[in-house]
Amino acid sequence: MIVLPRSNDTDLRQILYDVQEGKIQLPEFQRDWTWDDNRIRGIIASLSQGYPMGAVMQLQYGNPDIKFKYRTITGVENKNATPEYLVLDGQQRLTSIYQSTYSNQVVATKTDKGKSIKRFYYLDMNKCLDDNEDRLDAVISVPQDRKIKTNFDRDIIMDLSTREFEYQLKMFPINIIYDNTQLMQWNFGYMMYYKEDVNANDLLNRFQKEVVETILQYKLPVITLDKSTPREAVCKVFENVNTGGVPLTVFELVTATYATNEFDLRKDWEKCKKIIRAENETLRTDLLDGIDEINFLTSVTLYTSYKNKVNGKSGTISCKKKDVLNLPYESYLENRDAVLDGYKIAREFLLQNEYVFRQRDLPYTTQLIPLSATCAYLGKKTCNEPNTKKILERWYWCGILGEMYGGANETRYANDIEDIVDEVYKHPSQMRTVNSSFFSATRLLTLQTRLSAAYKGIMALLYKADCRDFMDNSKMNLVNSVILSPDIHHIFPEAYCQKVGIKRQKYNSIVNKTPILPPTNRSIGGDSPSKYTQTILNKVDGLTENELKDRIESHMINFEYLKHDDFDNYFIDRAKKLLNLIENAMGKNVSDRGSEDTIEQFGKSLI
């Protein structure tokens, strides 16, 4: 849909009146007003000189299909009014101008260091009319009692607590400027105070003409979006114009929409988050702590969309931003608990079957969106069946080792839930993620850090293959992962490799890395394998070389090559074994094991 906003220069006085009457309000998703004292002074200075201060963007309220909860601008007391417009951009400026110039109430703001203060604002008439003065210096901020003090509040250096004091110091209170009665009374009082003082009255006349009239005639550009503007367009517009603030999220918009049903989505998410993170489990890991509120809403949307297609309510499956924004409140309530169960099933699947135990070891957080929605639809009983596990496992590893979830994936999520469910129920299935995935043998050389999903995936496959620590023989299972904190380290130590001239591309690749416990890593140090294997044998009472060999070879490492410091043969042998692991997990061959490129980079074929 094409969005065609209209733009009009509007009298600031009219805008502030509409704010006061509640005709202009804020959508609930807008953040609170945050401007400090200096920024308020700055906006008053610009206003008094007629300088542009940017446009205000507002959305016409009243679309029955887009119901945002709303609230009045900070400082407005008319809480029961129904708005005509909702401010999307310009809240900070409007609120600052309204509170300082239109409202009679003291402005509750803060210093630039964040200390809460209450202030009234004045214009120094002399400084305003002096071309040599910075206009910002002419804007005076005074405490609630209208007295500026020093020496720990013992000495008063400026007292504006009465009209007479204001006249005497020629300080104009900016918060009366839009009140015709008060403005006239102040001007009359000033003239009576100075009576025959020609210079003082000339000053007032100049101030009225050059400053007061500038403010009263000020027009602000207002861009208005019609109430027919779709929700996703509102979200995008807000993201584009709100670059200086905290970005608006899909969750904030959905929260504002659901609030019209007196439902607090933020509080509900806090409850859901505890369930997803298994905070009440006896043995808890941080595995799913990376699932945020948007991931969860996307999972619910995907599950809802798939159900609707199966039930004939829609023709497509989709969980793009626009779909999340349009997720009906009733659908969220209906499907939320099923998706929470889906996350529980997904968590058990990862912990018990795939040996992914911690958040830092999780290849893709995003892959949990289709996994949880799919598990929610299949249910725990079906997910625990051997054939279902086999299907899920192959899809899971193809997604990771094929590195399929690194970008915008909403279309893939929709394909995944449809393909997996069809495969489980033996319907014709395209299994698009499985069939489009591939792993290249040369990728082993470029997997250098845990930032890659495939890197984390291969480490999980080593856990799953029951690799054991060199020194204490511990398996890398859930309990040991939580209690002992294994980490990934070089097999041929980096210091040793640099010393003997082994290329970094090889020694720092995943082929030369494996998960071990901290004591083992300390025993390895920077020594050659021939030396550190002997160190381990000396440290561990009763440990035989054959036992150490079994432990080391559980990591797909050839012990004989290792203990003789034969890096080249060790490296080729382990690369082949890792490719075997990968092929077994993906259920397909790595096609370039013997390609020219592979032979060139490894020095040998990996077949």
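Above this text you will find the structure in question.
The rules behind these values
- Residues numbered from 1 in each chain as written.
- Predicted model: local features only at pLDDT ≥ 70, side-chain atom pairs only at ≥ 80, totals over all residues.
- Heavy atoms only, no water.
- Helix = DSSP H or I, 4+ residues; strand = E, 2+ residues; numbered from the N terminus.
- Buried < 20%, exposed > 50% of the residue type's maximum accessible area, 1.4 Å probe, protein only.
- Contact = heavy atoms within 4.5 Å.
- Phe/Tyr/Trp six-rings, centres within 6.5 Å; stacked < 30°, edge-to-face > 60°.
- Lys NZ or Arg CZ within 6 Å of the ring centre and 35° of its normal.
- Pairing = 2+ DSSP bridges.
- Axes fitted to C-alpha atoms, helices over the stretch in contact; angles between N-to-C directions.
- Polar contact = N/O pair within 3.5 Å; in protein donor to acceptor, adjacent residues only side chain to side chain.
- Parallel < 35°, antiparallel > 145°, perpendicular 65-115°, else oblique.
- Left-handed = near helix turned anticlockwise from the far one by under 90°.
- Nonpolar A, V, L, I, M, F, W, Y, C, P; charged D, E, K, R; others polar.
- Expected span 1.5 Å × (residues − 1).
- Salt bridge = Lys/Arg side-chain N within 4 Å of Asp/Glu carboxyl O.

### Description of the side chain of Asp419
One can find Asp419 in helix α16 (residues 410-424). Under the relative-accessibility criterion, Asp419 is labelled buried at 3%. Not counting residues within four places of it along the chain, the set of residues in contact with Asp419 comprises Ser429, Gln430, Met431 and Arg432.

### Points about the packing of aromatic side chains
The full count for this structure, using the stated rule, is 33 aromatic pairs. Geometrically, the ring pair formed by Tyr61 and Tyr70 is edge-to-face, given 5.4 Å between the ring centres and 80 degrees between the ring planes. With a relative accessible area of 26%, Tyr70 lands in the partly exposed category. Within the aromatic cluster, the residues linked to one another by ring pairs are Tyr167, Phe172, Trp186, Tyr190, Tyr193, Tyr194 and Phe207. In this arrangement the basic side chain of Arg146 is found over the ring face of Phe120, its NZ or CZ atom lying 3.8 Å from the centre. Against the face of Tyr405 rests Arg412, its NZ or CZ located 6.0 Å from the ring centre.

### Here's the deal with the sheet that holds strand β4 (residues 70-71)
Taken together, the six strands give an open sheet; going across it, the order is β1-β12-β3-β5-β2-β4, and neighbouring strands pair in mixed fashion. Two strands close off the open sheet at either side, each with one partner strand: β1 (6-11) and β4. Looking at chain direction, strand β2 (residues 24-27) and β4 are connected through two bridges and run antiparallel. Bridge pairing in β4 places Leu26 opposite Arg71. Set on the sheet, helix α1 (residues 12-21) makes contact with β1, β2 and β12 (219-225); between it and β1 the angle comes to about 95 degrees.

### Observations concerning the side chain of Gln92
Among the secondary structure elements, Gln92 is positioned in helix α3 (residues 91-102). Residue classification places Gln92 among the buried residues on the basis of a relative accessible area of 17%. Polar side-chain contacts of Gln92 include one of 3.3 Å to the backbone oxygen of Asp32. When sequence neighbours within four positions are dropped, the list of residues in contact with Gln92 reads Asp32, Trp33, Thr34 and Trp35.

### A closer look at the packing of helix α9 (residues 250-258) against helix α11 (residues 293-310)
Contact geometry of α9 with α11 gives a least axis separation of 9 Å together with a crossing angle of 65 degrees. Judged by the inter-axis angle, α9 sits roughly perpendicular to α11. Between α9 and α11 lies a crossing of left-handed hand. Residue-level contacts link Val250, Phe251 and Val254 of α9 to Glu293, Ile294 and Leu297 of α11. In the contact of α9 with α11, the residues fall into five nonpolar, no polar and one charged.

### Some words on α11
For α11, built from 18 residues, the straight-helix expectation of 26 Å at 1.5 Å per residue is met to within 8% by its first-to-last C-alpha distance of 26 Å. Burial within α11 is extensive, with 13 of its 18 residues counted as buried. The distance from a side-chain oxygen at the start of α11 to the backbone nitrogen of Ile294 is 3.1 Å, and the residue carrying that oxygen is Asp292.

### Points about the pairing of strand β14 (residues 513-516)
Here β14 shows a buried face lined by Lys513 and Pro515 and a second buried face lined by Thr514 and Ile516. Judged from the four bridges that link them, strand β13 (residues 487-490) and β14 form a sheet pairing that is antiparallel. From the neighbouring strand, Ile488 faces β14, where its bridge partner is Pro515.

### A look at the pattern of salt bridges
In the structure shown here, the tally under the stated rule is 32 salt bridges. One salt bridge in this structure joins Arg71 and Asp32, with 3.8 Å as the shortest N-O distance. Remark: Asp32 occurs in the loop between β2 and α2 (37-49) and Arg71 occurs in strand β4; sequence separation between them is 39 residues. Classification of Arg71 as buried rests on a relative accessible area of 18%. Its relative accessible area of 53% is what places Asp32 among the exposed residues. With a shortest N-O distance of 3.8 Å, Asp487 and Arg360 are connected by a salt bridge. Separated by 127 residues along the polypeptide, Asp487 in strand β13 and Arg360 in the loop between α13 (329-353) and α14 (368-383) bring together distant segments of the chain. Owing to a relative accessible area of 25%, Asp487 belongs among the partly exposed residues under this scheme.

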